[in-house]
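What the coordinates show
If you want the building blocks of each chain, they are given just below.
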Amino acid sequence: MGGLVLECANRGWLSGALALPAAAYMLQEQEAHAAELERTFIAIKPDGVQRGLISEIISRFERKGFKLVAIKIVKPSKEFAQKHYHDLKDRPFFNGLCDFLSSGPVIAMVWEGEGVVKYGRKLIGATDPQKSEPGTIRGDLAVVVGRNIIHGSDAPDTAKDEINLWFKPEDLVNYTSNAEKWVYGVN
């Protein structure tokens, strides 16, 4: 037992004067970790809301270890949908897509975590549910492209633009989740 106490003292895990270096090291690790986190915009489209899939979709992001930092329910106007899908304005399906997004309530969310943009897209699956892998949201819960239940930012820059379109800066909550040390290994 004495060896364990000595090792703990050497590592700064005991209270007193030796605990300060360990605490400072942990704080530095947490600050470095916070700098690596990114945010993404995720929306549950009207079909996902109407089908009662909100909790299923949120739970998949939570189970992965991502942190929800903003959420609201909104019925976007067609004009707002056009702003959201501005990059698709020259596509033949643009008007139908905007009509659909503005057809009912949407759950708009911002999720935070390491690699959340890229991995969020993996969780969602391919745009065409028929090409989505089983285990993805679209692969498990959607059937056709026109009703693929969810939108996710496709790149960090797109995420920033979409977050700014859907949310005011004060709508985003900064906090440390109790689970972060278990997700990222920062103890």
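Note that this is a predicted model, so its numbers are computed, not measured.

Parameters and conventions
Residues numbered from 1 in each chain as written. Predicted model: local features only at pLDDT ≥ 70, side-chain atom pairs only at ≥ 80, totals over all residues. Heavy atoms only, no water. Buried < 20%, exposed > 50% of the residue type's maximum accessible area, 1.4 Å probe, protein only. Helix = DSSP H or I, 4+ residues; strand = E, 2+ residues; numbered from the N terminus. Pairing = 2+ DSSP bridges. UniProt positions renumbered as here; feature names shortened; annotations may be inferred. 1 Å grid on protein atoms, 1.4 Å probe; cavity = no way out; pocket = protein on both sides within 12 Å on 5 of 7 lines; lining within 4 Å. Salt bridge = Lys/Arg side-chain N within 4 Å of Asp/Glu carboxyl O. Phe/Tyr/Trp six-rings, centres within 6.5 Å; stacked < 30°, edge-to-face > 60°. Contact = heavy atoms within 4.5 Å. Polar contact = N/O pair within 3.5 Å; in protein donor to acceptor, adjacent residues only side chain to side chain. Axes fitted to C-alpha atoms, helices over the stretch in contact; angles between N-to-C directions.

1. Quick word on the pairing of strand β1 (residues 38-44)
- Counted residue by residue, β1 has five buried out of seven residues, so it is predominantly covered.
- Strand direction decides the pairing type here: β1 and strand β3 (residues 106-113), joined by seven bridges, are antiparallel. Bridge pairing in β3 places Ala43 opposite Ala108.
- Two elements, β1 and strand β4 (residues 150-152), share three bridges in a ladder whose sense is antiparallel. Counted as the bridge partner of Ile44 is Ile150 from β4.

2. Considerations on the UniProt feature "binding site: ATP" (unreviewed entry) in the protein chain
- The UniProt record annotates "binding site: ATP" (unreviewed entry) at Lys45, Phe93, Arg121, Thr127, Arg138 and Asn148. In the annotated group above, the largest pocket draws its lining from Lys45, Phe93, Arg121, Thr127, Arg138 and Asn148.
- Mapped onto the secondary structure, Phe93 falls in the loop between α5 (78-84) and α6 (94-101).
- For Asn148, the location among the structural elements is in the loop between α8 (137-141) and β4.

3. Describing the pattern of salt bridges
- Applying the stated rule across the entire model yields six salt bridges.
- With a shortest N-O distance of 2.9 Å, Glu112 and Arg39 are connected by a salt bridge. Remark: Arg39 occurs in strand β1 and Glu112 occurs in strand β3; sequence separation between them is 73 residues.
- The shortest N-O distance in the salt bridge between Lys78 and Asp99 comes to 2.9 Å.

4. Points about the packing of aromatic side chains
- By the definition in use, this model includes five aromatic pairs.
- An angle of 45 degrees between the planes, with centres 6.4 Å apart, marks the rings of Phe61 and Phe66 as tilted. For the pair shown, Phe61 and Phe66 are each scored as buried.
- Here Phe66 and Tyr119 contribute two aromatic rings whose centre-to-centre distance is 6.4 Å and whose plane-to-plane angle is 55 degrees, an arrangement assigned as tilted. Taken as a pair, Phe66 in the loop between α4 (54-64) and β2 (67-74) and Tyr119 in helix α7 (residues 116-124) lie far apart in primary sequence, 53 residues in all.
- Judged by relative accessible area, Tyr119 falls into the partly exposed class, the value being 31%.

5. Looking at the environment of Gly135
- Here Gly135 is to be found in the loop between α7 and α8.
- C-alpha of Gly135 to C-alpha of Gly125: the two residues are 10 residues apart in sequence and 8.6 Å apart in space.
- Setting aside chain neighbours within four positions, we find Gly135 in contact with Arg60 and Asp140.

6. Structural notes on unusual backbone geometry
- One non-glycine residue, Ile149, lies in positive phi territory at about 60 degrees.
- Along the chain, Ile149 turns up in the loop between α8 and β4.
- With a relative accessible area of 0%, Ile149 lands in the buried category.

7. Some points on the side chain of Lys67
- One can find Lys67 in strand β2.
- The exposure class of Lys67 is buried, given its relative accessible area of 8%.
- Reaching out from Lys67, the side chain makes a polar contact with the side chain of Glu180 at a distance of 2.9 Å.
- When near neighbours in sequence (up to four residues on either side) are disregarded, Lys67 contacts Val110, Trp111, Glu112, Tyr175, Thr176, Ser177 and Glu180.

8. Some thoughts on the sheet that holds β2
- Spatial strand order, β2-β3-β1-β4: four strands in an open sheet with antiparallel pairing. Looking along the sheet, the strands with just one partner apiece sit at the ends: β2 and β4. Each adjacent strand pair in this sheet contributes to an overall mean axis angle of 20 degrees, direction not counted.
- Strands in contact with α4 are β1, β2, β3 and β4; relative to β3, the strand with the most contacts, it is inclined by about 10 degrees.

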